[in-house]
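In case you want the letters, here they are:
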Amino acid sequence: MGYLAPAGKKRSSHVMLSDSSLSNLGDPTLNFPPFAAAPVPADSSSSEPTQNELFETDPPPWELTVGEDVQLASIVFARSPHGPYDYRIPDDLLDVLRPGMRVGVPLGHRKKPTPGWCVSIKTGNAAQKKLRDVSEVIDDEPLCDAALVRLVMFIAHYYQVPAGQVFDTLIPASVRDNAGTRKTTYFRPAPGLTEEQIAKLPSKQQSAMRFLIAQDRPMTAAEIAIMAECTEDPIRRLRKKELLVPEVRRELSQNIRIRAQANDGETRKTHDLTAQQENALSRINSAVDSGRGRTLLLHGVTGSGKTEVYIQAIEHVVKQAGSAIVLVPEISLTPQTRGRFEDRFQNVAVLHSQMSASERHFHWQRIRRGEVQVVIGPRSAVFAPLPNLGLIVIDEEHDTSFKQDKQPRYHARKVAHARAMALGIPLVLGSATPSMEAWHATQTGHAELVTMSERVGNRPMPDVQLVDLRVKEERGKGGAISRPLHAAVLETLKEKGQAILLLNRRGYATTIQCPACGTVCACPDCDMPLTHHRDGGKAMCHYCDYTIPTPPWCPACRFDGMRYGGLGTQRLEMEAKARFPDARIARMDSDTMKRAGSHQRVLSEFRAGEIDVLLGTQMIAKGLDFPNVLLVGVINADSALHFPDFRAAERTFQLVTQVAGRTGRGDRGGRVIVQTFTPEHPAIQAAARHDYLKFVEDEMVNRKKFNYPPLGSVARIIIRGPLEDKTESVADAIVDRLEKARDLLKAEVRILGPAPPPIVKISGKYRFHLLLQATEAAVVGEVIRRGLADFKVDPKEEIEFLVDIDPVNLM
Ligand SMILES: Nc1ncnc2c1ncn2[C@@H]1O[C@H](COP(=O)(O)OP(=O)(O)OP(=O)(O)O)[C@@H](O)[C@H]1O
Ligand SMILES: [Zn+2]
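Parameters at a glance
- Residues numbered from 1 in each chain as written.
- Chains lettered and ligands numbered in written order.
- Predicted model: local features only at pLDDT ≥ 70, side-chain atom pairs only at ≥ 80, totals over all residues.
- Helix = DSSP H or I, 4+ residues; strand = E, 2+ residues; numbered from the N terminus.
- Buried ≥ 20, exposed ≤ 12 C-beta atoms within 10 Å, placed from the backbone.
- Contact = placed C-beta atoms within 7 Å.
- Near = placed C-beta within 6 Å.
- Nonpolar A, V, L, I, M, F, W, Y, C, P; charged D, E, K, R; others polar.
- Domains from an automatic or database assignment.
- Pairing = 2+ DSSP bridges.
- Core = buried A, V, L, I, M, F, W, Y, C linked by C-beta atoms within 7 Å.
- Axes fitted to C-alpha atoms, helices over the stretch in contact; angles between N-to-C directions.
- UniProt positions renumbered as here; feature names shortened; annotations may be inferred.
- pLDDT = per-residue confidence, 0-100.
- Parallel < 35°, antiparallel > 145°, perpendicular 65-115°, else oblique.
- Left-handed = near helix turned anticlockwise from the far one by under 90°.
- Expected span 1.5 Å × (residues − 1).

## Some thoughts on the overall build of the protein
Item 1. In terms of helices and strands, the protein carries 23 helices and 31 strands.
Item 2. In the protein, which comprises 811 residues, the proportion classed as buried is 47%.
Item 3. For the protein, restricting intrachain contacts to residue pairs at least 6 apart in sequence, the fraction spanning at least 24 positions comes to 76%.

Dropping the structure here:
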């Protein structure tokens, strides 16, 4: 395998193959001292001043009262320096400040208080340290309860990111900024106000006051003015005399729109569960009732009715006044998924990326007040502040979108696991194609396996036919659609069925090449070939969005007649339209789905039978449940197979199995045609036979050879900078430090690299990466923590390094 060759450098490496296995789901306990190891700011190359340097050296006056115990708050910051630093809590804030609130504190020589998060409060001796006071408390209520504060500290430690940044991820910006709300001042009559006092007031003031008293509720100045038919001036005067008591409330602005959520027209009913569903449900329910933190893997084949099981399990939780989180991949947050939950629960909050800041804030507040029973959303919904959380479900748990690809690079499964175990509630992972990590957990006692091997309604799994694209008679006369697939589409159309065609690449052509001199149009910033998009004749970089008009002639030799190679969904659409002129064809990929609501519209049309052939990228591969789909065609099953990534086979198996599962979901059966250049590949063979167990068995052997996850743990460090040689020498320096740390710790960790990753340049920055590997995640983590503890890069060189624990993307 060796996708990351040690780059021609001789590096000592301790390869360790051991039988002891490790659950990548991690340590179920969160019992570590919150600050045992202050997290290394993984992406900051600037130096961190120590607490002493940051503070003035003159002892503050109160320090002279030697030895007194005081209350101290530990504060962390999203920006460097990240803390935690201790501050004294002044007496007037003692009853106010709690962990999970934001504060303003003096930091260094900054004039204004710096905002930070309070993570803990403790009793300390103020005299020993030069401590300054918390200047202000920003929030009225903690934005995170104690359990969420602990979760933040866990994420900060495990993923090696500053806790302040984790808080900022956990609490959406819209909540921090109070989006869609405004402060309004209400007035009440001063307590103890007598009739005598009122009678002495000037008449305008008097009538204003009487109206307010008669209403018997706090009112704004504007309201009083309207009712008492006066200006606001008398009210101002009353306030000055302190006969009115102001009260500031934060309220939702009146005219923000909280959009109603539409479904796609599926007609719903509850179902009598199949025996396998019953069994799965009772296993989950008894986990809920056990009151312990447990992980269950629900391995249910496509169409086995997993959603119905989740719904009934959540109903069980809700009956006991609990609530639940359901995480789904962003693209399967379809109207259908929402609709199924919204129909069965009174209060569902659907969190998705197209929400406005005010909507996000509105839902967050509802959730925190306990008004919501079920939260559905993509990975960030794992942080939803439900007060009585009783169950977390991750649907399609194998999906890579559960890992965040920017700092903090957390995996929602890991975070959900930590949260569930800390609360003593079950975590249910559901998939037809479980990740190797989840599967391994069932084999090592970290998760309980629940299997649903059959589809509902005794429906058979669809037949899968492999088309060998190496054989000319099969392939047909050029184009993307082979002879057998062409015939099958025609047959499907004749039977008034629908077809889905999967091609996992958007655009028209994936290379633009000069046939005369061989030049390939590439992105100047990323060095990757540009993709030709027919709409508007654009050549685009899919890594950085660099876009130019597609050159009509070769930029190098001026030859007129650039060739378009490689196939994208736009070209497939053209071909399909030409071959099936009578069919109604729609394309679904991130180019056509840019506008809000387009996803829903296409899916409703497809459900209504107004579209015959739906083609697109992996967006159409997941979760869709349309009974009239009689045919699924996979245009090129190998597209992800030869990626330099140890998960390439797993991804291929998952994609083919998932898309194949979109058919045969009604009474009319269904079939699948998979076009491939390597029909003998074990992943494709296993997918064709719907044989997950065979796939994991084979794949586990491959992982074992190199101790790749889930048998071992991997971390990746990316170093990027504007100059190639400088960047590489920083990478070398990092490796040296890691090796020293490893030897010091006597840790058995393999360090590979530095090497240029498959994408050597992104947005004008050169990249190098290195991998660390060991059997235990904790060991890898500690080597990095130690190795990079005080590592600094000259800020002038603009070189960054970032740590990615349990990476899912190795490009
Ligand atoms: N007990 C049942 N009897 C009849 N139909 C059912 C039953 N349970 C679920 N269904 C229906 O079966 C279909 C498939 O269910 P669902 O979409 O939950 O499958 P799934 O396991 O999530 O599949 P996939 O992994 O392919 O998304 C749905 O239309 C659902 O309404
Ligand atoms: Zn680019």
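## Overview of the site of ligand 1
Item 1. Taken together, the neighbourhood of ligand 1 is formed by 19 residues, with His271, Thr302, Gly305, Lys306 and Thr307 sitting nearest.
Item 2. If one sorts the elements of the shell around ligand 1 by residue count, helix α10 (residues 306-319) sits on top with 3 residues.
Item 3. Split into classes, the residues belonging to the shell around ligand 1 amount to 3 nonpolar, 12 polar and 4 charged.
Item 4. Residues lining the shell around ligand 1 come from more than one domain, with at least three contributed by each of domain 3 (275-457) and domain 4 (466-506 + 568-705).

## Some thoughts on the environment of Tyr159
Item 1. Residue placement: Tyr159 occurs in helix α2 (residues 146-159).
Item 2. Apart from residues no more than four positions distant in its own chain, Tyr159 is found in contact with Pro408, Arg409, Tyr410 and Ile805.

## A closer look at unusual backbone geometry
Item 1. Residue Pro408 is reached from Gln407 by a cis peptide bond, and omega for that bond is -10 degrees.
Item 2. The backbone of Asn707 shows a phi angle near 60 degrees, a positive value even though the residue is not glycine.
Item 3. Locating Asn707 in the fold gives a position in the loop between α21 (692-706) and β27 (713-721).

## Some words on the pairing of strand β17 (residues 498-502)
Item 1. Counted residue by residue, β17 has 5 buried out of 5 residues, so it is predominantly covered.
Item 2. Burial along β17 is two-sided: the face carrying Gln498, Ile500 and Leu502 and the face carrying Ala499 and Leu501 are both buried.
Item 3. Across 5 bridges, β17 lies against strand β25 (residues 629-634) in parallel orientation. Looking across to β25, one finds that Leu501 is bridged to Gly633.
Item 4. The pairing of β17 with strand β24 (residues 613-616) spans 4 bridges and is classified as parallel.

## Observations concerning the nonpolar core
Item 1. One finds Val152, Leu327, Val375, Val674 and Leu772 to be the most contacted residues of the largest nonpolar core, which totals 184 residues.
Item 2. Among the elements that line this core, the one with the most residues is α2, at 10 residues.
Item 3. The contacts of Val674, once residues within four sequence positions are left out, are Val464, Leu466, Val467, Val634, Ala637, Val656, Ile684 and Ala688.
Item 4. One finds Leu530, Cys541, Cys554 and Met562 within the second-largest nonpolar core, a separate group that totals 13 residues.

## A few points about the sheet that holds strand β19 (residues 531-533)
Each strand in a sheet pairs with its neighbour through backbone hydrogen bonds, running either in the same direction (parallel) or in the opposite one (antiparallel).
Item 1. In space, the 3 strands of this open sheet follow the order β19-β20-β21, with antiparallel pairing throughout. The open sheet has two edge strands, β19 and β21 (547-549), and neither has a second partner. Averaged over all pairs of adjacent strands, the angle between strand axes in this sheet comes to 30 degrees, irrespective of strand direction.
Item 2. For β19 and strand β20 (residues 538-540), the ladder comprises 3 bridges, and the chain directions are antiparallel. Note that in β20 the partner of His532 across the bridge is Ala539.

## Re the UniProt feature "binding site: Zn(2+) 2" (unreviewed entry) in the protein
Item 1. Summarizing the sequence annotation, UniProt attributes the feature "binding site: Zn(2+) 2" (unreviewed entry) to Cys523, Cys526, Cys541 and Cys544 in the numbering used throughout.
Item 2. Mapped onto the elements of the fold, Cys541 is located in the loop between β20 and β21.

## Topic: the sheet that holds strand β26 (residues 671-676)
Item 1. Taken in spatial order, the 6 strands of this open sheet run β16-β26-β25-β17-β24-β23, and their pairing is parallel. Since the sheet does not close on itself, it has two edges, and those belong to β16 (463-468) and β23 (585-588), each with one partner. For this sheet, the mean inter-axis angle between neighbouring strands, taken without regard to orientation, is 15 degrees.
Item 2. Where β25 meets β26, 4 bridges bridge the pair, whose relative direction is parallel. Bridge pairing links Leu631 to Arg671 in β26.
Item 3. Each of β17, β23 and β24 touches helix α17 (residues 569-579); the most contacted strand, β24, lies at about 155 degrees to it.

## A short note on the confidence of the model for the protein
Item 1. Within the protein, residue pLDDT values average 84, and 88% of them lie at 70 or more.
Item 2. Segment residues 1-57 is flagged for pLDDT under 50; beyond a separation of four residues in sequence, or across chains, it makes 118 contacts in the model.

## Concerning the UniProt feature "binding site: Zn(2+) 1" (unreviewed entry) in the protein
Item 1. Those residues carrying the UniProt feature "binding site: Zn(2+) 1" (unreviewed entry) are Cys514, Cys517, Cys554 and Cys557 in this numbering. In summary, the annotated positions, though distributed over 44 residues, converge in three dimensions, the widest C-alpha pair being only 8.5 Å.
Item 2. On the secondary structure map, Cys514 appears in the loop between β18 (511-513) and β19.
Item 3. Not counting chain neighbours up to four residues away, the residues in contact with Cys514 comprise Thr519, Cys554, Ala556, Cys557, Phe559 and Met562.
Item 4. One can find Cys517 in the loop between β18 and β19.
Item 5. Its 11 C-beta neighbours within 10 Å are what place Cys517 among the exposed residues.
Item 6. Ignoring anything within four residues of it in the chain, the contact list for Cys517 reads Cys554, Ala556, Cys557 and Phe559.

## Some points on the packing of helix α6 (residues 203-215) against helix α8 (residues 233-240)
Item 1. Running from amino to carboxyl end, α6 crosses α8 at an angle of 80 degrees, the nearest separation of the two axes being 9 Å. As the angle between them shows, α6 and α8 are arranged roughly perpendicular. Contacts between α6 and α8 involve Lys204, Gln205, Ala208 and Met209 from the former and Pro234, Ile235, Arg237 and Leu238 from the latter.
Item 2. Residues belonging to the contact of α6 with α8 are distributed by class as follows: 5 nonpolar, 1 polar and 2 charged.

## Some remarks on the packing of α2 against helix α13 (residues 412-423)
Item 1. Interhelical geometry of α2 versus α13 gives an angle of 140 degrees and a closest axis separation of 10 Å. Between α2 and α13, the angle is such that the two are oblique. At the point where α2 passes α13, the crossing takes the right-handed sense. Residues Ala147, Arg150, Leu151, Phe154 and Ile155 of α2 pack against Val415, Ala418, Arg419, Ala422 and Leu423 of α13.

## So, the pairing of strand β1 (residues 69-76)
A regular strand carries its side chains on alternate faces of the sheet.
Item 1. Relative to strand β4 (residues 114-125), β1 runs antiparallel, the two being bridged by 8 bridges. Each bridged residue has a counterpart across the sheet, and for Asp69 the counterpart in β4 is Asn125.
Item 2. Looking at chain direction, β1 and strand β2 (residues 85-88) are connected through 4 bridges and run antiparallel. Across the sheet, the residue bridging to Ile75 is Tyr85, located in β2.

## Thoughts on helix α19 (residues 648-660)
Item 1. Its 13 residues give α19 an end-to-end C-alpha distance of 18 Å, which sits within 8% of 18 Å, the value for a rise of 1.5 Å per residue.
Item 2. Taking burial as the measure, the 13 residues of α19 include 12 buried ones, the bulk of the element.
Item 3. For α19, the full list of buried residues reads Ala649, Glu650, Arg651, Thr652, Phe653, Gln654, Leu655, Val656, Thr657, Gln658, Val659 and Ala660.

## Observations regarding the environment of Arg455
Item 1. One can find Arg455 in the loop between β15 (448-452) and β16.
Item 2. By C-beta crowding, Arg455 is classed as buried, having 21 other C-beta atoms within 10 Å.
Item 3. Excluding its chain neighbours within four sequence positions, the residues that come into contact with Arg455 are Val301, Gly303, Ser304 and Met461.

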